[in-house]
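Residue-level listing of the chains:
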Amino acid sequence: MQRILIVEDEPAIADNIAYVLETEGFEVVRCATGGEASEALAADNIALIVLDVGLPDCSGFDLCKEIRKTSAVPIIFLTARSDEIDRVVGLEIGGDDYMPKPFSPRELAARVKAVLRRTQSETGSTGESPAQPPLALDPHKMIVHYFGTPLDLSRYEFRILEVLMRRPGWVYSRDKLMELVWESPEASMDRTVDTHIKTIRAKLREVRPDIEPIKTHRGVGYSLRDSW
Ligand code: CA
C-alpha cells in the first residue's frame, strides 16, 4: 500500500483529502506543519506528498526546496493563489504538480495517481529512490554530491572519500589511506585518518541522519558501503 503524506493546516481540507485517498486505497499520514512533515518524511516510507503552500511555521515552497536536497519524492502543491502557480511547477521549486484551491478531492486523487504513474515509470521504482547513485564524484570540480547535495569538504576529506569510492566494500587500512591521501604520510600520525573520517561522517549525517555509509573495521580500517 502506498503511503501519502498530507501537509495541510486546515483540518476540513485535510479530512476531505484523506477520506478520498483512503477510499482509493492509499495509506495516509497527516501533518499540519512543516516541522511535522520533515519528521514524517524521515520516519515513514512516503510515496508522495500533498503539500499546502501556506503553512503555519513555513512556506510550502521552502519545505519543498529542503526536501529536494535529499529526496526525489513526488510533491503536489495545494495553492490558494493563482499567481503562485508559475513558481510551483518551475524548476526553482521542484514540485511535480499543483492543485489551485478550491479543488475537488476526487480530482486531486486523480492527480496523485497520475503523478505516481509518471514518476515511478521514470525511476523504475518508487519516487523515493534517487536516479543518481547516492554518492557521486565530480573529480574536475573536486566535489562530492551526496543524495544530490554538494558536500563542503576539506582537501583531505575529499581525497579520503575519493579513495573509498574507488572500490565500495573494500577495506582500506589507515596506513593505506595515509599513503594514498597524504603527500608525506610519515609527517602525520595515524589518528589523522580517524579525525578526518569523523568529520566526513558528520557532514554526511547532516544530509542523511539515517544512513551510515562509512563502515569501521576495528583494528583494521574503513570501507564504503557497497549497496544502498
Ligand atoms: Ca494553509
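Source: prediction; values computed, not measured.

Going through the model one piece at a time under the given rule, you end up with 17 salt bridges. The partner of Arg 208 in a salt bridge is Asp 210, with the nearest N and O atoms 2.9 Å apart. Here the salt bridges share partners, and the residues they tie into one network are Glu 8, Glu 10, Asp 52 and Lys 101.

Attention now goes to the sheet that holds strand 4 (residues 75-79). A sheet is described by the order of its strands in space; here five strands give the open sequence 2-1-3-4-5, paired in parallel fashion. One side of each edge strand has no neighbouring strand; the edge strands of this open sheet are strand 2 (27-31) and strand 5 (97-100). The average undirected angle you get between the axes of adjacent strands in this sheet is 20°. Looking at chain direction, strand 1 (residues 3-7) and strand 3 (residues 48-52) are connected through four bridges and run parallel. Residue Ile 4 lies in a different strand from strand 3, and its bridge partner there is Leu 48.

Quick look at the coordination of the calcium ion now. The coordination sphere of the calcium ion, as far as protein atoms go, consists of Asp 9 (OD), Asp 52 (OD) and Gly 54 (O), spread over 2.2 to 2.3 Å. All donor residues of the calcium ion come from one chain, and their arrangement in sequence is D-x42-D-x1-G. With Asp 9 in the loop between strand 1 and helix 1 (11-23) and Asp 52 in strand 3, the pair connects residues that are 43 residues apart, well separated along the chain. For Asp 52, a relative accessible area of 3% puts it in the buried group.

With that settled, the discussion passes to the confidence of the model for the chain. Averaged over every residue, the pLDDT of the chain is 85; the share at 70 or more is 87%. Element-level mean pLDDT values for the chain span from 61 in helix 4 (residues 85-89) up to 97 in strand 1. Note on residues 125-130: pLDDT under 50 across the span, and twelve contacts to partners over four residues away in sequence or across chains.

To continue, consider the packing of helix 6 (residues 155-166) against helix 7 (residues 174-181). The N-to-C vectors of helix 6 and helix 7 enclose an angle of 115°; their axes lie 10 Å apart at closest approach. As helix 6 packs across helix 7, the resulting crossing turns out to be right-handed. For the pair helix 6 and helix 7, the contacting residues are Tyr 156, Arg 159, Ile 160, Val 163, Leu 164 and Arg 166 in the first and Leu 177, Leu 180 and Val 181 in the second. Residue composition of the contact of helix 6 with helix 7, grouped by class: seven nonpolar, no polar and two charged.

Right, let's talk about helix 2 (residues 34-43) for a bit. Within helix 2, burial applies to Gly 34, Ala 37, Ala 40 and Leu 41. Along helix 2, the residues classed as buried sweep out an arc of 120° about the axis, all on the same side. For helix 2, the exposed residues lying more than 90 degrees away from the buried face are Glu 39, Ala 42 and Ala 43. Considering only its buried residues, helix 2 is in contact with strand 1, strand 2, strand 3 and helix 3 (60-68).

Okay, the layout of surface pockets next. Each pocket or cavity is described by its volume, and for the largest pocket that value is around 520 Å³. Residue lining of the largest pocket: 19 residues in total, with Leu 41, Ala 42, Thr 70, Val 207 and Arg 208 positioned closest to the centre. For the lining of the largest pocket, the elements supplying multiple residues, two or more each, are helix 2, helix 3 and helix 8 (191-207). Among the residues making up the lining of the largest pocket, the classes are represented as seven nonpolar, five polar and seven charged.

Conventions we followed
- Residues numbered from 1 in each chain as written.
- Predicted model: local features only at pLDDT ≥ 70, side-chain atom pairs only at ≥ 80, totals over all residues.
- Heavy atoms only, no water.
- Salt bridge = Lys/Arg side-chain N within 4 Å of Asp/Glu carboxyl O.
- Pairing = 2+ DSSP bridges.
- Helix = DSSP H or I, 4+ residues; strand = E, 2+ residues; numbered from the N terminus.
- Axes fitted to C-alpha atoms, helices over the stretch in contact; angles between N-to-C directions.
- Donors = N, O, S within 2.8 Å, 3.2 Å for Na, K, Ca; no water.
- Buried < 20%, exposed > 50% of the residue type's maximum accessible area, 1.4 Å probe, protein only.
- pLDDT = per-residue confidence, 0-100.
- Contact = heavy atoms within 4.5 Å.
- Left-handed = near helix turned anticlockwise from the far one by under 90°.
- Nonpolar A, V, L, I, M, F, W, Y, C, P; charged D, E, K, R; others polar.
- Arc of directions from axis to C-beta.
- 1 Å grid on protein atoms, 1.4 Å probe; cavity = no way out; pocket = protein on both sides within 12 Å on 5 of 7 lines; lining within 4 Å.
- Points joined across faces, edges and corners; volume = space filled by probe spheres on them.

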